[in-house]
Amino acid sequence: MFRRLEQIPTRRYIDRMIGLVRGLRDGICGLWRAGFGLLFPPRCVHCNADLFNALSGPCLCAECLARCGPEQWYGCPRCGALVPVEHYSSDDCPGCSRTQLWFDTVVALGGYHAGLRDAVLRMKRPSHDPLSLALGRLLWERRRDRLSEIRADVIVPVPMYWGRRLSRGKNNPETLAACLAKSLGVPVRRGVLVRQLNTLPQAGLTPPRRFQNVRGAFRVRRPAGIRDARILLVDDVLTTGATCSEAAKTLKQAGAAMVAVAVVARA
Ligand SMILES: [Zn+2]
Ligand SMILES: [Zn+2]
């Protein structure tokens, strides 16, 4: 009887077996990744250049990394507008004093020009989700400190009108939001903010018309989920700030405590 009990696997034995199985699994996965890498060498998701050591990270070559994600971004902390280093304060920013913006702060990867502009325009095309993911990862890697400082409770992507979402097949802010959510360990609430009006495209409208165009465009579907919450609102580009301001206003009127905006590019 006692011998039989001794033969029952002990906790140590089980742990050893689990360790062995995990080791085998990691070995097989490593071999698979190495073989896959040899057959299909990784390429830059923007310019298609060979990547020799990019099994992790944003999957962009060194050149695209330098062009798309500046190490430092001297934007106004309130509206994100590019300001000279000596005026790095919202008190001196003409953008903040000119318009009433409902969001509290903006975190941007860079300016909407040159390399980053090309990348954002390509990211908007169908089947360019890997580029959206790469830019989302780069936004996190380059602006990690500022994004963490926000202490967001929830991440909300700027929604598209349902008809446009259906015809486009994707909404870039959703991909970016998923990427930031994973890095920050914060949940995404996709259905909370709804675009109820199919507004005209903002491009081509004057700044005052842009604010008029999006007035009343959003509504909050489940306000209980965002009451007193610190929200990180995610979009791809911020130009006048009209869309994000209207979305932030809607979220705040539904009970949000603060709304910070994260964008890939600030025009
Ligand atoms: Zn590249
Ligand atoms: Zn400003």
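Below, the structure is looked at part by part. (Residues numbered from 1 in each chain as written. Chains lettered and ligands numbered in written order. Predicted model: local features only at pLDDT ≥ 70, side-chain atom pairs only at ≥ 80, totals over all residues. Heavy atoms only, no water.)

**Looking at the pattern of salt bridges**
Step number 1: In the structure shown here, the tally under the stated rule is 5 salt bridges.
Step number 2: Here Asp236 and Lys124 are joined by a salt bridge, their closest N and O atoms 3.1 Å apart. In this pair, Asp236 sits in strand 5 (residues 230-238) while Lys124 sits in the loop between helix 5 (114-123) and helix 6 (129-142), placing the two residues 112 residues apart along the sequence.
Step number 3: Given a relative accessible area of 9%, Asp236 falls into the buried group. (Salt bridge = Lys/Arg side-chain N within 4 Å of Asp/Glu carboxyl O. Helix = DSSP H or I, 4+ residues; strand = E, 2+ residues; numbered from the N terminus. Buried < 20%, exposed > 50% of the residue type's maximum accessible area, 1.4 Å probe, protein only.)

**Some details on the sheet that holds strand 1 (residues 105-111)**
Step number 1: Across the sheet, 4 strands lie side by side as 1-6-5-2; this open sheet has parallel pairing. Each end of this open sheet is capped by a strand with a single partner; those strands are strand 1 and strand 2 (154-157). Strand-to-strand twist of the sheet, defined as the mean angle between neighbouring strand axes without regard to direction, takes the value 20°.
Step number 2: Here strand 5 pairs with strand 6 (residues 258-266) via 8 bridges, running parallel. In the sheet register, Val237 faces strand 6, and the bridge partner there is Ala265.
Step number 3: Helix 6 rests against strand 1 and strand 6 of the sheet, and its axis sits at about 115° to strand 1.
Step number 4: Set on the sheet, helix 11 (residues 242-253) makes contact with strand 5 and strand 6; between it and strand 5 the angle comes to about 165°. (Pairing = 2+ DSSP bridges. Axes fitted to C-alpha atoms, helices over the stretch in contact; angles between N-to-C directions. Contact = heavy atoms within 4.5 Å.)

Nothing here speaks to function; it is geometry throughout.
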